[in-house]
Amino acid sequence: MTVRVRFAPSPTGHPHIGNIRTVVFNWLFARQQHGQFVLRIEDTDRTRYVEDALQVITGGLRWLGMDWDEGPEVGGDYGPYVQSERTAIYQEKAEELVAMGKAYRCDCTPERLEQVREAQRARGETPMYDGRCRNRPVGEVSPDQPHVIRLKVPREGVTVMRDILRGDIVFENRLLDDQVLLKSDRFPTYHLAVVIDDHIMGITHVMRGDDWISSEPKRLLMYEAFGWEPPVYAHVPLVLGTDGKKLGKRHGAVSIDEFRRQGYLPEAVFNFLALLGWAPGLGEEQEIFTREELIERFDITRINLAPAVFSYDKLNWINGAYIRALSQEELLKRLIPFWADAGLIPPDVPVEIIPTLKLLVPLVQERLKTLRDVVELTDFVFTDIAIPPVEKVIGSKMTAEQSLDAIRRVQTLLVGIVHFEATAMEIPMRRLADELGLKAGQLFSIVRNAVTGKEVSPPLFGSIEALGRATTLKRLEIAEEVLAKYIKAQEEG
RNA sequence: GCCCUCAUCGUCUAGUCAGGUCUAGGACACAGGCCUUUCAAGCCUGGUACAUGGGUUCGAAUCCCGUUGAGGGCACCA
């Protein structure tokens with residue numbers, strides 16, 4: 001039997017990273033089993049429909065490197081893959097259930113239902129449909145009048161769900177509500193549509209969030225009514241924020257495109273997500289896995305049952321590791337959009353600044369946690385810096401006069417360098433520090449502050465080379481003036 | 001309120017199904033050190049966990065029951 005799994009999002013907004021983790025599990029399972037991964041859009045709630053949501057979902061999956069064998073954009077033999085285009089099927093199947101006596105028509109108003117629930121809550125009971133229409137003679141609710149179709153849940157007995165991760169879960173039927181299957185707008189509810197589609201589309205394994213456990217018996221009852229074999233279930237735990245609550249916006253980025261914009265690599269996010277609630281086990285201590293390694297190792301039965309906390313720290317570490325593993329050429333390519341977005345370079349990069357960018361890449365590579373970090377690390381190369389406060393250009397344990405002298409000596413030195421390259425600067429600069437009786441760090445930190453405007457920067461000589469001789473000398477001149485002015489002011493009083 | 005699920009370092013986890021090799025292993029984070037022009041990266045060292053009570057057993061992180069805690073569900077939402 002060929003494994004067929006699906007991801008069935010509703011287009012109501014940006015996909016949540018916790019749901020995407022579940023998609024990763026599904027995709028990994030499908031690829032490993034040489035099965036099919038189906039994308040189906042569950043847009044049966046017209047009130048919550050969001051226009052671009054489909055593009056955001058497919059774009060997000062593609063960004064993460066997950067493809068689908070059937071679904072929107074790719075087609076397939078079981079289409080259409082958008083539920084709003086399948087309403088006739090659901091209506092027909094709902095009528096079948098009515099004809100079989102497994103479901104019934106109900107014309108109770110939303111107001112009445114709310115009153116019933118309110119009264120039940122007041123009595124401390126579980127809110128449930130009171131069964132008014134269930135007990136009316138068949139045909140009393142006219143098929144031509146607005147109504148819903150409800151599932152006629154048995155009042156006794158139990159329904160058992162077999163979950164490959166959790167074993168058998170037993171539900172008492174009497175605690176189950178008479179679920180609405182077809183709404184008054186003739187659209188199906190999730191429960192009806194998912195059962196029919198999963199069956200028709202030949203879905204063999206349903207892997208999804210454990211928030212679906214409680215409602216599964218209602219759907220199982222439908223499988224039973226239709227005489228269909230339910231799929232294999234695997235309910236995976238939810239993803240929590242650092243405070244132990246369901247992961248949400250207040251914890252940081254939650255949608256895929258936010259991670260992209262913040263400078264996370266798709267392969268790093270994929271790696272991280274695969275390891276959130278799953279581990280290869282067998283004493284495996286590796287943390288960084290290629291997509292192929294994950295496909296090979298993934299074991300659906302090893303998914304952890306406890307909810308996992310999303311750790312931005314760990315994601316940052318993994319992302320940094322992936323960045324360090326990139327070739328310089330590749331890193332440059334990925335960095336350009338971030339420089340451009342920050343307005344540091346034009347979006348269509350002029351050829352003359354490419355050499356500068358190429359110089360910068362090796363300087364920042366092992367310092368980046370995210371691609372976006374490059375902005376703060378290198379902005380001084382592309383924009384003017386503030387005039388440094390005098391204390392920043394006075395070396396540690398040095399006087400202003402000594403510092404001024406040092407700056408002037410550096411200027412002379414840099415003017416005289418033939419090839420303005422990092423490697424040509426280091427030795428003379430160290431010799432200069434020696435001559436001045438300074439430690440290298442004392443001298444370099446003055447120059448760093450003067451030239452980059454930062455106390456912390458990429459390696460100094462590389463930064464100077466990227467800046468170029470003219471800008472470097474100009475900034476040293478400014479520092480020189482700052483010091484001269486300060487000394488003069490001191491002398492005067 | 002009712003129903004369901006879950007429980008190893010701060011976090012992700014290995015070990016649990018086939019009890020002893022676990023004075024519980026790894027990673028992230030944290031602390032200290034080395035390297036070092038700053039910051040990183042890299043290397044070394046360190047602290048921190050089997051929720052709790054009872055059983056079963058020669059022996060329990062591992063099996064059973066209770067308790068506690070956490071999460072989820074109880075819509076003409078998905």
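As the structure is a computational prediction, the values presented were derived from the model and not from experiment.

The rules behind each value
- Residues numbered from 1 in each chain as written.
- Chains lettered and ligands numbered in written order.
- Predicted model: local features only at pLDDT ≥ 70, side-chain atom pairs only at ≥ 80, totals over all residues.
- Heavy atoms only, no water.
- pLDDT = per-residue confidence, 0-100.
- Helix = DSSP H or I, 4+ residues; strand = E, 2+ residues; numbered from the N terminus.
- Polar contact = N/O pair within 3.5 Å; in protein donor to acceptor, adjacent residues only side chain to side chain.
- Expected span 1.5 Å × (residues − 1).
- Buried < 20%, exposed > 50% of the residue type's maximum accessible area, 1.4 Å probe, protein only.
- Contact = heavy atoms within 4.5 Å.
- Near = heavy atom within 4 Å.

Q: In this structure, what is going on with the confidence of the model for chain A? I would like to understand it.
A: Across chain A, the average pLDDT comes to 94, with 99% of residues at or above 70. Prediction confidence for the complex, expressed as pTM and ipTM, is 0.93 and 0.94 respectively.

Q: I would appreciate a short explanation of the side chain of T22 in the present structure.
A: One can find T22 in helix 1 (residues 17-32). Side-chain polar atoms of T22 contact the backbone oxygen of G18, separated by 3.5 Å.

Q: How should I be thinking about helix 16 (residues 440-452) in this particular structure?
A: Since the α-helix packs 3.6 residues into each turn, any two residues three or four apart lie on the same face. For helix 16, built from 13 residues, the straight-helix expectation of 18 Å at 1.5 Å per residue is met to within 8% by its first-to-last C-alpha distance of 17 Å. Most of helix 16 is tucked away, with 10 of its 13 residues classed as buried. Within the sequence span of helix 16, burial applies to Q442, L443, F444, I446, V447, R448, N449, A450, V451 and T452. Buried residues along helix 16 sit in contact with helix 13 (373-382), helix 14 (400-416), helix 15 (422-435), helix 17 (460-467) and helix 18 (469-492). The positive-phi residue at the C-terminal boundary of helix 16 is G453, with phi of around 70°.

Q: What should I look at first to understand the side chain of H191 in this one?
A: Structurally, H191 can be placed in helix 5 (residues 190-200). Ignoring sequence-local partners within four residues, the contact set of H191 consists of Q179, S215, R219 and M222.

Q: Where do I start with the environment of T301 in this structure?
A: Within the secondary structure, T301 is located in the loop between helix 9 (291-297) and strand 11 (308-309). For the pair T301 and K454, spaced 153 residues apart in the sequence, the C-alpha separation amounts to 51 Å. Of the polar contacts made by the side chain of T301, one reaches the side chain of D299; its length is 2.8 Å.

Q: How should the protein's contact with RNA strand B be read in this particular structure?
A: Taken together, 66 residues form the shell around RNA strand B, and within it R166, G277, E366, R367 and R430 come nearest. Close to the protein, within 4 Å, the atoms of RNA strand B belong to sugar or phosphate groups at a rate of 71%. Within the backbone of D313, a nitrogen or oxygen atom sits 3.5 Å from a sugar or linking oxygen of RNA strand B. R324 is positioned such that a nitrogen or oxygen atom in its side chain is 3.3 Å from a phosphate oxygen of RNA strand B. At the level of elements, helix 4 (110-122), strand 4 (148-151), strand 11, helix 10 (312-325), helix 16 and helix 17 are the ones that each hand at least two residues to the surface near RNA strand B.

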